[in-house]
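Structure assessment
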Amino acid sequence: MKLPKQYEAKLYEADIYALWEKSGVFTADPSSQKKHYAISMPPPNETGTLSLGHALFITLQDILIRHARQQGKDALWLPGTDHAALPVNAIIERQLMEEGTNKHAIGREEFLRRTRTFVGNSRDTMLKQMRIMGASADWTRLRYTLDDALNRCVNETFVKMYNDGLIYRGNRIVNWDPQLETNVSDDEVMYVEEKGTFYTFRYGPFEIGTARPETKFRDKYVVMHPQDKRYAQYKHGDTLEVEWINGPIIATIIKDEAVDPKFGTGVMTITPAHSLVDFDIAERHNLDKEQIIDLHGNLLPIAGEFAGMSIDKARSQIVKKLTEKGLLVNVDNKYVHHVAINERGRGVIEPQIRLQWFVDVNKPVVMWKGENQSLKTVLQHVIRDEDINLIPKRFEKVYFNWIDNLRDWCISRQIWWGHRIPVWYRTNTDGREETYVGVQPPTDKNEGWHEWKQDPDTLDTWFSSALWTWSTLIDQDLAADYTLSLSELLKRSPDFQAYHPTNVMETGWDILFFWVARMVLATTYMTGQIPFKDVYLHGLIRAEDGKKMSKSRPESIIEPQEIIDHYGADALRMALIMNVSPGNDQNWGRGKVEANRNFCNKIWNIARYIETVLGNRWSTTTPIPTTPADHWIVYQLALAQQGINKDLDNYKFSEAYAKLYRFIWNDLADWYIEASKVSPNRPLLAHLLQSILVLAHPFAPFVTETIWQTLPPGTNSLLAAQVLHKPLKADKDKGVLFEKIQKIVVEARLITKSLNVRNAKLHHKNDPLLAAHGSVIAHLAHLESVTPSEEAFEYIHLTGHEHVWLNIPKAKGYTFVRELQVKQTEQEKVIQNLENRLANKAYMEHAPNNIIEETKKQLSEARITLESIKAEVNRFS
């Protein structure tokens, strides 16, 4: 097939992907004797469509997996999706609210039916988008975090942790979202800066500050630092009567190092039921914890006359009452503080003490490397001992800061969508209660006992996601056989044995704690293995202005599908990686996509040219370099292949791409192909085309496979199944000759272009290089000829070539330099005037901001122009 003049991605991409999928090239084989390589795809939340962030991780992982196949490895990229309990639950509840109803009105079963329909539609859309982006995932192993087999793994993990004393049920303070009526984990709480009011009240002999007077009804503990000399006369445990909101109360002095003596007056009262810090102080000193606010955000009877009021409504009235009592000292209306928000549902967090399920991270019952450790210490050791490598390494500091301060993990949620907690309760007619924790529901029915009822709560999404790397690799059919223990199931699962631990977890730095750390926690505990060897943390994709893409700014949102429809998937993929670096965010720019669409066209045009030159004479023989250009390009190809492989092995995606781009566009297209037009080496051209298609395939799979399918029979059926070509041998010294030719060509081009001379001739006095390769030099430098001649000193000689000159008089060159020097002087005056203007105090104070910014822009552009003139003067001088 002859390639059309232009590459139109939309005409080929769907058919190419169908070809790959039908061939089975993406399917891994655990029985293969090849070296195994595995990546677990981070399962995207089934909340709608894929974003640019998803497109980035799909591209990076697809590059890795295609590269692994090219290295001859048996490569598994296991795909899947996440049921995303909290965000999906929030979406469905919002839909119900818009319909004028709620989950309690429709009931649990109808709620779950609606949710399954929604996520099913989302899943189909997302899987289609993954294919459109070129994801070469093993779709025969598609997984879902609510699969039956994965549910068994979740229950097995819960039960084992419970039996080992790591999971317990207790009354502890949690992050309660009154809007969604559920707990959320510490990591799902975001803090939004907000301007509010800070009140200072008199509390007996003290002054205390708060932004939330509605929580202070039963503040009967006044806390100060034990070393604060201002309050040395007060002893720990002293009591005193103080007038407060609803009358006098007995206050107790508590000395605790949690108080910052430099903040405010150095004294605070505590509300243990509604503050994490206050709760910890109360725990240390065994203090009472009294609930003030109910689960709907309203005040309880303890608030007296304010009972039943919402906290927002009650706040001003409480302040009014304290003012009337003469207890208000000061009001700061410019107080800036951080309000805790549920990142998923956007509800304001109200800390509450609740009876919930927790994972103990400090109990030393985890067998790791021959000794019992806590979950926290295992998380510390795997990084310190370099069992797992974090890329970039600087994130180790962030990781340890989080792990070292890790608290017990609240894993129960009061939502209906997700894995039900595998705990059942029943009561006896005599009032006794019984609890059952098991992988499967209890079946016994004893006389005098009521029916078992399962705990209504579900597990934190991250509890199930934490098992992802290994739970997805167990044999799905064997998992239904509950006569097998989990350890037997793992031993008899070929995928787990072949592919675990996986090679790399590639994901965003923003979920290092949400997910990555929890996978380490759960996997080391359940399997005795690390989940992966490397963790590559990519940055976030931001809008062109550097701000976060947000639905509140619709113009900042970029839909990957829109880009693919217009430019093609390969252009999007390469735009995403061209400046990517681990851990660093990048700004989106449409210009990147256009540049990479052009790169796809460059590869296409190279293929068109080579196929035209070869015609029906396609050679399958091993090419032999003959000219200096041949030896040079073969050597450059070997360097490029070696460098790209090394970069990809070390997750240097941008650097690998830059080497590919430079070789194809500069070395091959600009130099070698042009040089080959003088005397084409057809076998070598065929080899080069195949080689660049193989090298570029992980980055731009669609355009390269499309071209590959037009190659003659015998080149193999699929590019996606190709391994890297063995480099040809080249004579480096002969290649150096071509580099000398390049220097001559570059200088000749510069002189003739700058002086606007056409049909120039290059002369030399018995120069063997020019005598042997004059036709190539003439073609590359756009010269009329390269000929031997007698020396002519009145013409412009080339730098470093004493006896090589162009038939252009030196006087013409001197005139050009003088003109440049005049331009340089004029430009320096322009810059001086602009600098004086910006240094003028009156101008800076009175000129409009947009005029000042325009002046600064003019100055910047003028300096760039000056540097360009100076560079050209230096080149000619």
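Note: the structure precedes this text.
Now for a look at the structure at hand.

A look at the sheet that holds strand 20 (residues 423–427)
Spatial ordering of the open sheet is given by 21-20-22, a layout of three strands whose pairing is antiparallel. The sheet is open, and its two borders are formed by strand 21 (433–437) and strand 22 (453–454), each paired with just one other strand. Two elements, strand 20 and strand 21, share five bridges in a ladder whose sense is antiparallel. Counted as the bridge partner of valine 423 is valine 437 from strand 21.

Points about the packing of aromatic side chains
Aromatic ring pairs are defined here through the distance separating the ring centres and the angle between the ring planes. Under the defined criterion, the tally for this structure stands at 34 aromatic pairs. Relative to tryptophan 665, the ring of tyrosine 661 has its centre 5.5 Å away and its plane inclined at 15°; by these criteria the two rings are stacked. Placement of the pair is tyrosine 661 and tryptophan 665 together in helix 20 (residues 653–676), with a separation of four residues, close to one helical turn. Feature note: the residues Phe158, Tyr162, Trp357, Trp409 and Phe463 constitute an aromatic cluster, connected by ring pairs.

A closer look at empty space enclosed by the protein
Taken as a whole, this structure holds four cavities of 30 Å³ or more when the rule is applied. In this structure, the largest cavity occupies an estimated 60 Å³ of space. Lining the largest cavity are Arg218, Asp219, Lys220, Tyr221, Ile270, Thr271, Pro272, Asp288, Lys289, Glu290 and Ile292. Here the lining of the largest cavity is composed, by residue class, of four nonpolar, one polar and six charged.

Concerning the sheet that holds strand 14 (residues 350–359)
The four strands lie next to each other as 6-5-14-18, forming an open sheet whose pairing is antiparallel. Because the sheet does not close on itself, it has two edges, and the strands there are strand 6 (182–184) and strand 18 (409–410). In the packing of helix 7 (residues 276–285) onto the sheet, the strands contacted are strand 5 (167–177) and strand 14, and the crossing angle to strand 5 comes to about 145°.

Looking at the pattern of salt bridges
Taken as a whole and assessed by the stated rule, the structure comprises 42 salt bridges. The salt bridge partner of glutamate 21 is arginine 131, with a shortest N-O separation of 2.9 Å. With glutamate 21 in helix 1 (residues 13–23) and arginine 131 in helix 5 (residues 108–132), this pair connects stretches of sequence that are 110 residues apart. Owing to a relative accessible area of 24%, arginine 131 belongs among the partly exposed residues under this scheme. We note a salt bridge from glutamate 283 to lysine 289, for which the minimum N-O separation is 3.0 Å. Classification of glutamate 283 by relative accessible area gives partly exposed; the value is 42%. Here the salt bridges share partners, and the residues they tie into one network are Arg212, Glu214, Asp312, Arg315 and Glu350.

Structural notes on the packing of helix 20 against helix 24 (residues 768–781)
The interhelical angle for the contact between helix 20 and helix 24, taken along N-to-C directions, is 130°, at an axis separation of 9 Å. In terms of orientation, helix 20 lies oblique with respect to helix 24. In the packing of helix 20 onto helix 24, the handedness of the crossing is right-handed. Contacts between helix 20 and helix 24 involve Trp671, Glu674 and Ala675 from the first element and Val776, His779 and Leu780 from the second. Looking at the contact of helix 20 with helix 24, its residues break down into four nonpolar, one polar and one charged.

Things to note about helix 1
Those residues of helix 1 that sit buried are Glu13, Ile16, Tyr17 and Trp20. For helix 1, the arc enclosing every buried residue in end-on projection is 95°, short of the 170-degree limit, so these residues lie on one face. Those residues of helix 1 that are exposed and angled more than 90 degrees off the buried face are Ala14, Asp15 and Lys22. Remark: glycine 24 follows helix 1 within two positions and exhibits a positive phi of approximately 80°.

Points about the nonpolar core
Counting residues in hydrophobic clusters, the biggest one holds 134 residues, and the most contacted among them are Trp588, Phe699 and Leu762. It is helix 20 that contributes the most residues to this core, twelve residues altogether. The residues contacting tryptophan 588, other than those within four sequence positions of it, are Leu52, Ile541, Arg542, Ala543, Glu544, Met549, Ile558, Ile563, Leu572, Ala575, Leu576 and Val593. Counting residues in hydrophobic clusters, the runner-up holds 72 residues, among them Val423, Leu467, Ala479 and Val520.

Structural notes on the pairing of strand 25 (residues 532–538)
Regular strands place their side chains on alternate faces of the sheet. Within strand 25, six of the seven residues are buried, which leaves it mostly tucked inside the rest of the structure. Pairing between strand 17 (residues 389–391) and strand 25: three bridges, direction parallel. Across the sheet, leucine 390 pairs through a bridge with valine 535, a residue of strand 25. Note that the unit made of strand 24 (residues 502–508), helix 15 (residues 512–527) and strand 25 has a crossover that is right-handed.

Some thoughts on unusual backbone geometry
Isoleucine 391 connects to proline 392 through a cis peptide bond whose omega is 5°. As for its placement among the helices and strands, proline 392 is situated in the loop between strand 17 and helix 10 (395–404). The phi angle at lysine 369 is positive, at roughly 55°, despite the residue not being glycine. Tracing the backbone shows lysine 369 in the loop between strand 15 (366–368) and strand 16 (371–373).

What counts as what
- Residues numbered from 1 in each chain as written.
- Predicted model: local features only at pLDDT ≥ 70, side-chain atom pairs only at ≥ 80, totals over all residues.
- Heavy atoms only, no water.
- Pairing = 2+ DSSP bridges.
- Helix = DSSP H or I, 4+ residues; strand = E, 2+ residues; numbered from the N terminus.
- Phe/Tyr/Trp six-rings, centres within 6.5 Å; stacked < 30°, edge-to-face > 60°.
- 1 Å grid on protein atoms, 1.4 Å probe; cavity = no way out; pocket = protein on both sides within 12 Å on 5 of 7 lines; lining within 4 Å.
- Points joined across faces, edges and corners; volume = space filled by probe spheres on them.
- Nonpolar A, V, L, I, M, F, W, Y, C, P; charged D, E, K, R; others polar.
- Contact = heavy atoms within 4.5 Å.
- Axes fitted to C-alpha atoms, helices over the stretch in contact; angles between N-to-C directions.
- Salt bridge = Lys/Arg side-chain N within 4 Å of Asp/Glu carboxyl O.
- Buried < 20%, exposed > 50% of the residue type's maximum accessible area, 1.4 Å probe, protein only.
- Parallel < 35°, antiparallel > 145°, perpendicular 65-115°, else oblique.
- Left-handed = near helix turned anticlockwise from the far one by under 90°.
- Arc of directions from axis to C-beta.
- Core = buried A, V, L, I, M, F, W, Y, C linked by side-chain atoms within 4.5 Å.
- Right-handed = clockwise from strand over helix to strand, strands pointing away.

Take it as geometry only, folks, not as evidence of what the structure does.
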